[in-house]
Amino acid sequence: MGVHGVKAVFFDLDNTLVDTAAAGRRAIEEVLPLASCPLKVISALQSKHHYGEGEARVICDRVQAKLLKECHDPAKMCITDLRISHWEEAIQETTGGEVNRSLAAECYFLWKTTRLQHLTLAEDTRGMLTELRERVRLLLLTNGDKQTQREKIEACGCQPYFDAIVVGGEQKEEKPAPSIFHYCCDLLGVQPTECVMVGDSLDTDIQGGLNAGLKATVWLNKAMTTPVDTSPVPHYIISSVLDLPAVLQKMERKINAKLGTDHMTSSNE
């Protein structure tokens, strides 16, 4: 079982296995009031609260910007309160007047429900995970608020494809801290040098894998554009998570070649 020297693969969740960013954008679009087909929040922003389409669009754009810059500290505020406040601020910044907490909460829960509906684990990704799990152990390692991440995991139905699931918000430290990677290794009964980390974030997934001394890090760079400062430096770069099996085969060929070279050297001695 397994690839020579590799016993486990750790996968990031958001924008690696599931396209969270796209689901969030689609959810924003679906809560916008559309002229031909009123959807979701139109009843709140247009019909019930008399906002025009332009105002509703500005509100949603502002929420999207706040989500992109979001910094959540669970010790200070729960994720639900934080995200309701995004809507609250966006509505007030756009329309002025008094704070409307109930409207903000209504918009947030509609957005959240819609986003979860769009979070799917693609069929080809399911197939890749199923085949890969016949060779190595698989672990899902995701940062973030425990409630939010568990809801995403449940929504996309990825539990059956993994030997273990670790959520950063449930641990003392999140990626890129070495401790959470070592905890994952202990869960699977493997050594860091027997593990590969796959993820889209250089700062958390790749840096974390390097910090923890994993055998290899694989950076998912869908755009395949090189940042001005590619730091940290991943061992491998792929444009699709479906390219991972080819990377593991490449690693296996390198290991086999090295074993062959070492064998020849020892024989000559």
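We now turn to the structure provided with this report. (Residues numbered from 1 in each chain as written. Predicted model: local features only at pLDDT ≥ 70, side-chain atom pairs only at ≥ 80, totals over all residues. Heavy atoms only, no water.)

A short note on the pairing of strand β2 (residues 137-142)
Move 1: Counted residue by residue, β2 has five buried out of six residues, so it is predominantly covered.
Move 2: Relative to β2, strand β1 (residues 8-11) runs parallel, the two sharing four bridges. Bridging from a neighbouring strand, Phe10 pairs with Leu139 of β2.
Move 3: Both β2 and strand β3 (residues 164-167) contribute to a ladder of four bridges, which runs parallel. Paired with Leu141 across the bridge in β3 is Val166.
Move 4: With helix α7 (residues 146-156) bridging β2 and its parallel neighbour β3, the resulting β-α-β unit is right-handed. (Buried < 20%, exposed > 50% of the residue type's maximum accessible area, 1.4 Å probe, protein only. Helix = DSSP H or I, 4+ residues; strand = E, 2+ residues; numbered from the N terminus. Pairing = 2+ DSSP bridges. Right-handed = clockwise from strand over helix to strand, strands pointing away.)

Focus on the nonpolar core
Move 1: Ranked by size, the top nonpolar core spans 34 residues in total, and within it Val9, Phe11, Leu129, Leu140, Phe162, Val196 and Leu244 carry the most contacts.
Move 2: In terms of residues, this core owes the most to one element, helix α10 (residues 244-268), which gives four residues.
Move 3: Look past the residues within four positions of Leu140 in its chain and what remains in contact with it is Phe11, Asp12, Leu13, Leu17, Ile153, Cys158, Phe162, Ala164, Ile165 and Val166. (Core = buried A, V, L, I, M, F, W, Y, C linked by side-chain atoms within 4.5 Å. Contact = heavy atoms within 4.5 Å.)

What about empty space enclosed by the protein?
Empty space among the atoms can be located by rolling a probe the size of a water molecule over them.
Move 1: If you walk through the whole model with that rule in mind, you get one cavity of 30 Å³ or more.
Move 2: Within this model, the largest cavity holds a volume of roughly 50 Å³.
Move 3: The wall of the largest cavity is formed by Arg83, Tyr108, Lys112, Arg115, Leu116, Thr148 and Glu151.
Move 4: Elements that contribute at least two residues to the lining of the largest cavity include exactly α5 (101-118) and α7.
Move 5: For the lining of the largest cavity, the element with the highest residue contribution is α5, accounting for four residues.
Move 6: Classifying every residue of the lining of the largest cavity gives two nonpolar, one polar and four charged. (1 Å grid on protein atoms, 1.4 Å probe; cavity = no way out; pocket = protein on both sides within 12 Å on 5 of 7 lines; lining within 4 Å. Points joined across faces, edges and corners; volume = space filled by probe spheres on them. Nonpolar A, V, L, I, M, F, W, Y, C, P; charged D, E, K, R; others polar.)

Points about the sheet that holds strand β4 (residues 195-199)
Move 1: A sheet is described by the order of its strands in space; here six strands give the open sequence β3-β2-β1-β4-β5-β6, paired in parallel fashion. Two strands close off the open sheet at either side, each with one partner strand: β3 and β6 (236-238). Between one strand axis and the next, the sheet turns through 20° on average, direction left out of account.
Move 2: Pairing analysis gives four bridges linking β4 to strand β5 (residues 216-220), with the strands arranged parallel. Bridge pairing in β5 places Val196 opposite Ala216.
Move 3: Strands in contact with α7 are β2 and β3; relative to β3, the strand with the most contacts, it is inclined by about 145°. (Axes fitted to C-alpha atoms, helices over the stretch in contact; angles between N-to-C directions.)

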